[in-house]
Amino acid sequence: VNIPQLCESIVKGDTTALAKSITLLESQKEEDWALGKELLSQLPVGENQSRRLGFSGPPGVGKSSFIEKLGGHITAGAEKVAVLAIDPSSGRTGGSILGDKTRMEALSRHPLSFVRPSPSRGHLGGVTSSMPGVILLCEAAGYDWILVESVGVGQSEVELVQMVDFFTLIAQPGAGDELQAIKKGILEHVDMIVVNKIDQDNKLATITAQQYLSALKVIGGASVPVKKCSALTGEGMDEIYQFYQSHSYDRGRRNEFLTHWFRSLIQSEFRKRLASHPKWKKEIHQLEETILQQKLLPHQAVDELFQRLGWTNL
Ligand SMILES: Nc1nc2c(ncn2[C@@H]2O[C@H](COP(=O)(O)OP(=O)(O)OP(=O)(O)O)[C@@H](O)[C@H]2O)c(=O)[nH]1
Ligand SMILES: [Mg+2]
């Protein structure tokens, strides 16, 4: 792999080079990650002022359809859009990668767009450690908008909040149960809520929007906009596009992005080294034996490990 050449191709807007580079960052192989790091270091950064938008919501709520419609508005405005879909099912057989591709069929084919499903298990065991780099790659490639879709399950959506400038929760009419299921923690982080599928039941959608507004009020989020749309018919999408376009983005979020990235890398690097360093590996293995012989409890073994590694005073 010729890194300077790859950089040049990315900056020129070569999507094959971009896809290849993303694969390096997402790879589980240490050699690939080393190349990926070199690549990131050589990229021109901070020149492109992209919008980074995150989308989450329960399965089947219409995230991909929404992004496809939004992408249509963006490309119609002659701007470039990259869609990164965090796919928790990839790695299992029959993941939703194909589904996402077909649901964003028009957008995938548009010359101003780049659609890429990403495994939620990145190279170091989490999307947090690879996604920030992928976002920087897309910016270097000149994408004006970066849309990240995450299925609202588990850790990935909380992590997504830290990686974007603006976080939209997508909901559907009849949120009663949904609201229960949505972790309060995520509601505290939303910048906007969109009730999709108004073509199915607009009246119920209005009630749902009210319920979300009330829930937001309770947690002090009264200023969070709640909008309605149909990703199927496109109703309401133009207004939402214009909102995103005119919204001024808080640059402070970019600082959070960097610190969060830094911290997650520290964690993953530690984890990786713990697992691969011969001395640590040996100590851990020995202590495991001690635990199984019921001589130590796990927390005592951890203290013992740190002592052996000389980290007691940390
Ligand atoms: N009637 C109606 N159907 C919609 C709307 N938006 C999406 N759908 C349908 O809902 C289903 C799921 O849509 P997706 O866009 O794949 O939803 P998603 O949230 O991305 O789904 P996952 O990624 O699998 O979690 C599809 O059959 C869509 O056609 C809408 O506004 N109205
Ligand atoms: Mg989807």
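Worth saying up front: this structure is predicted, and the values here are computed from it rather than measured. (Residues numbered from 1 in each chain as written. Chains lettered and ligands numbered in written order. Predicted model: local features only at pLDDT ≥ 70, side-chain atom pairs only at ≥ 80, totals over all residues. Heavy atoms only, no water.)

1. Examining the coordination of the magnesium ion (ligand 2)
Bound to the magnesium ion (ligand 2) on the protein side are S64 (OG) and E149 (OE), at distances that span 2.1 to 2.2 Å. With S64 in helix α4 (residues 63–76) and E149 in strand β4 (residues 145–151), the pair connects residues that are 85 residues apart, well separated along the chain. Of the two residues, S64 and E149, neither departs from the other in class, the shared state being buried. (Donors = N, O, S within 2.8 Å, 3.2 Å for Na, K, Ca; no water. Helix = DSSP H or I, 4+ residues; strand = E, 2+ residues; numbered from the N terminus. Buried < 20%, exposed > 50% of the residue type's maximum accessible area, 1.4 Å probe, protein only.)

2. Here's the deal with the pairing of strand β1 (residues 51–57)
By the criterion of burial, β1 is predominantly enclosed, with seven of the seven residues buried. Burial along β1 is two-sided: R51, L53, F55 and G57 facing one way and R52, G54 and S56 facing the other are all buried. Of the pairings in the sheet, the one linking β1 to strand β5 (residues 166–171) comprises four bridges and is parallel in character. Each bridged residue has a counterpart across the sheet, and for G54 the counterpart in β5 is F167. (Pairing = 2+ DSSP bridges.)

3. With respect to the confidence of the model for the chain
In the predicted model, the chain carries a mean pLDDT of 86, and 84% of its residues have values of at least 70. The element-level mean pLDDT for the chain is lowest in helix α5 (residues 97–103), coming to 53, with strand β7 (residues 226–228) highest at 98. Below a pLDDT of 50 lies the segment residues 90–98, which in the model reaches eight contacts outside its immediate sequence neighbourhood of four places, other chains included. (pLDDT = per-residue confidence, 0-100. Contact = heavy atoms within 4.5 Å.)

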